[in-house]
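# Structural overview
Chain by chain, the residues run as shown.
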Amino acid sequence: SLGAPVCDLEPGTIPASDPSILDKLKLCPALAGAQRDALNALLLSGGTAYGDPSSWDFQTLQDLGPLVLALNQTTLSLVGEAAREDFRRSIAAAYISQGHSQREKSLLLLRALAAASASSRPRLKRSSARCQSEPITASNIADSVFLPPDELELCLSSDVLMANLEAVLDEPITSETSQVLKKKVDEYFPSGIPEEQLRRLGPLSRLYSGQEIRQWPVTSTDTVSALLSPSGGLWEDSQVQELLGRYLALGGSWSGPLLQEMGGKHLCQLQEEQIQQIPAAAIGSAGKLNISSCSQTKKEQLYGKAREAFSSLASTPGPYYCRIQPYLGGAPAEDLKDLANSGVINMDLHTFLSLNPQEFQKLSVTDVKNLLGENLGELKRAEQEPLVVSWVRRQRQRELDCVLGIGLEGGLPEPTGTASPAGHTTPAAVTSPVPSTLDTVTSPVPSTPASVTTPATVTSTPTVPTSPHPATSSNVTPVSTTLPTVPTTPASVTSMLTVPTPAPTP
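Residues numbered from 1 in each chain as written. Predicted model: local features only at pLDDT ≥ 70, side-chain atom pairs only at ≥ 80, totals over all residues. Heavy atoms only, no water.

This brings us to helix α3 (residues 33-44). Relative to the 16 Å expected for twelve residues at 1.5 Å per residue, α3 spans 17 Å between its end C-alpha atoms, a close match to the ideal helical length. All of the buried residues along α3 are Gln35, Ala38, Leu39, Asn40, Leu42 and Leu43. If you follow the buried residues of α3, they end up packed against α1 (13-16), α2 (21-25) and α5 (73-77). Of the residues flanking the end of α3, it is Gly46, one or two places downstream, whose phi is positive at about 75°. (Helix = DSSP H or I, 4+ residues; strand = E, 2+ residues; numbered from the N terminus. Expected span 1.5 Å × (residues − 1). Buried < 20%, exposed > 50% of the residue type's maximum accessible area, 1.4 Å probe, protein only. Contact = heavy atoms within 4.5 Å.)

Pasting the structure below:
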């Protein structure tokens, strides 16, 4: 009835509790050291549903579930050898598909099983500097990899290891065990590992330093491919550079299959000088490579080689795009515009966002529309991407709306309307009225009596050119143009020329 708190019980409470407590302990993420000891004591009593450990079989070990991880060497050594071996094989078979944390647990259990098997073997009386148990042979070498590293080093000979290297490396081995195996390999080849043997190293090859790799006789693409196989685990970037540098230094050449084996990640780890040595033909036969982790300079290098490799397809835009697509992150704007104008491109969003940021900014709204084609709507989902935000800010909002029509916001507003011309010229033949205040006349104009209104136009008066500056009643600005003197209007015609005074020109 305790539920989860059972995982926090004091160690002494476990063996004193009802044996059904085992089912509750299975739910605990992990048991502390003292709790594991108490659990083993309870199981060794034989009073649980599982019975005495000496009667356990393969099914019993499976029924223990997570509790089997807490079994110590004493408990496991009482289990029959056949049951232990069947259980070990089942764990090893499942190891390859397990996650990292589960693998660590499996390795601990495998080591415990191996130690239990070793403790049940007859001991040979030998000096402390030599193997204290039965020597390892081809028949028991699979079990030996789970021995403690110091015992493995004493009991495993280099001859036996090299004769059964693949079988040993197929087993899930710990890093400590791997170091012992590497040492044995080096002892077997004191003058250096031959090339054909390098291909057999598998995960052990990852334990060699850059200085050691520089001594390897790597001359064949088959050797490089075997060493780079992902089945052997991950390489450090520096190790890959040393390996490929050694291969090239010994006269090796690039090929499409080798690049395919390397993959884009290792390709990007090469130095720029090494990439420059790759022929375009090798890129052309390498298939699709993911070069997203490359620097921009390396992307441009690889694009140039891919463009050369696929140049024969340039007249057929569809097939050409399919081949060049992985390398477009290094393409200049001119080439992207050419693709856009081909009218058959439906670039996916991932490729679109991986374009060179500087070249991307040179694309017009129409270029973008043509590149994305049927995938244009996807651009709306990426409108917050820095690349897209920067590009949108350079475009006219009206063009974004009219050409794309997907609701992108943040473009430049339309330019404000320009001011109307400051003045206009009235043709001499036009006799329509003009403002009475002649601000453009440089000579003084006699004052007009208050009762007399200045006429807007006198047909007998010469036409006065209009100033380029607007006239205002409060600010009369003379200009340099000399105009004829406007005669004073006679009083006798005052009644004929009563015109309202115009308002100041805005």
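A word on the state of the cysteines. Scanning the model with the defined rule gives three disulfides in all. Disulfide pairing is shown between Cys268 and Cys294; the S-S distance is 1.9 Å. Because the torsion about its S-S bond is -90°, the bridge between Cys268 and Cys294 counts as left-handed. Of this pair, Cys268 sits in helix α17 (residues 256-268) while Cys294 sits in the loop between α19 (280-284) and α20 (296-309), and the two are 26 residues apart along the sequence. What makes Cys268 buried here is its relative accessible area of 7%. (Disulfide = S-S within 2.5 Å.)

All chains considered together, the criterion is met by six aromatic pairs. Measuring from centroid to centroid gives 6.3 Å for Phe58 and Phe87, while their planes differ by 65°, and the two rings are edge-to-face. With a gap of 29 residues between them, Phe58 in helix α4 (residues 58-63) and Phe87 in helix α6 (residues 81-95) connect regions that are remote in the sequence. The exposure class assigned to Phe58 is partly exposed, which follows from its relative accessible area of 26%. Classification of Phe87 as buried rests on a relative accessible area of 6%. Ring plane angle 65° and centroid distance 6.0 Å describe the contact between Phe360 and Trp391, whose orientation is recorded as edge-to-face. (Phe/Tyr/Trp six-rings, centres within 6.5 Å; stacked < 30°, edge-to-face > 60°.)

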